[in-house]
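A structural walkthrough
What follows is the residue order along each chain.
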Amino acid sequence: MRVQQFHLNMKNQDFFNYYIHNKENSNSDDIARKKEFLTSAIMDGLTPLQRYCITEYHLNGVKQKDIAKKLGINSSTVSRHIAAATKKLKKATQFYIG
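Rules used throughout
- Residues numbered from 1 in each chain as written.
- Predicted model: local features only at pLDDT ≥ 70, side-chain atom pairs only at ≥ 80, totals over all residues.
- Heavy atoms only, no water.
- Helix = DSSP H or I, 4+ residues; strand = E, 2+ residues; numbered from the N terminus.
- Contact = heavy atoms within 4.5 Å.
- Areas by Shrake-Rupley, 256 points an atom, 1.4 Å probe, with all protein chains shown as cover.
- Expected span 1.5 Å × (residues − 1).
- Buried < 20%, exposed > 50% of the residue type's maximum accessible area, 1.4 Å probe, protein only.
- Arc of directions from axis to C-beta.
- Axes fitted to C-alpha atoms, helices over the stretch in contact; angles between N-to-C directions.
- Parallel < 35°, antiparallel > 145°, perpendicular 65-115°, else oblique.
- Nonpolar A, V, L, I, M, F, W, Y, C, P; charged D, E, K, R; others polar.

Counting its regular elements, the protein chain contains 5 helices and 0 strands. Starting at the N terminus, the α and β elements of the protein chain follow one another as α-α-α-α-α. By sequence separation, contacts in the protein chain at least 24 residues apart represent 56% of the contacts at least 6 residues apart. Element-wise, carbon and sulfur atoms account for 54% of the exposed surface of the protein chain, whose accessible area totals about 7,000 Å².

This next bit is on helix 3 (residues 48–59). One full turn of an α-helix is made of 3.6 residues, so residues set three or four places apart face in the same direction. Relative to the 16 Å expected for 12 residues at 1.5 Å per residue, helix 3 spans 16 Å between its end C-alpha atoms, a close match to the ideal helical length. Within helix 3, the full set of buried residues consists of Gln50, Cys53, Ile54 and Glu56. The buried residues of helix 3 occupy an angular sector of 165° when the element is viewed end-on, so they sit on one face. Those residues of helix 3 that are exposed and aimed more than 90 degrees away from the buried face are Pro48 and Leu59. Tucked into the core, helix 3 has its buried residues touching helix 4 (64–71) and helix 5 (75–93). Two residues or fewer past helix 3, Gly61 is found with a positive phi of approximately 70°.

All right, on to the packing of helix 3 against helix 5 then. The geometry of helix 3 relative to helix 5 is characterised by a closest axis approach of 8 Å and an angle of 95° between their N-to-C directions. Considered as vectors, helix 3 and helix 5 are oriented roughly perpendicular to each other. Along its contact with helix 3, which presents Leu49, Gln50, Cys53, Ile54, Tyr57 and His58, the element helix 5 presents Val78, His81, Ile82, Ala84, Ala85, Thr86, Lys88 and Leu89. Here the contact of helix 3 with helix 5 is composed, by residue class, of 9 nonpolar, 4 polar and 1 charged.

None of the figures reported here should be taken as evidence of function without further support.
See below:
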């Protein structure tokens, strides 16, 4: 099994540095940085299929079988893309959640 890792780029490295040094501050600037980081993680850290499947499923409420039909792939493949994307996003966000 190939392990995929989330790679830091200059934008999200800046976020981590900011977050580590300002962890107790919770203001609108901090929230904006977190949103920017999460958007970056979705856009840069996921494959196009993972990004499509997770956004269709979670944000648009499309059923996995309908996503699979549209893409011409098996619904279990869609499920694997969603699971892989979720795992990557959890790993990327573990620094500021909980």
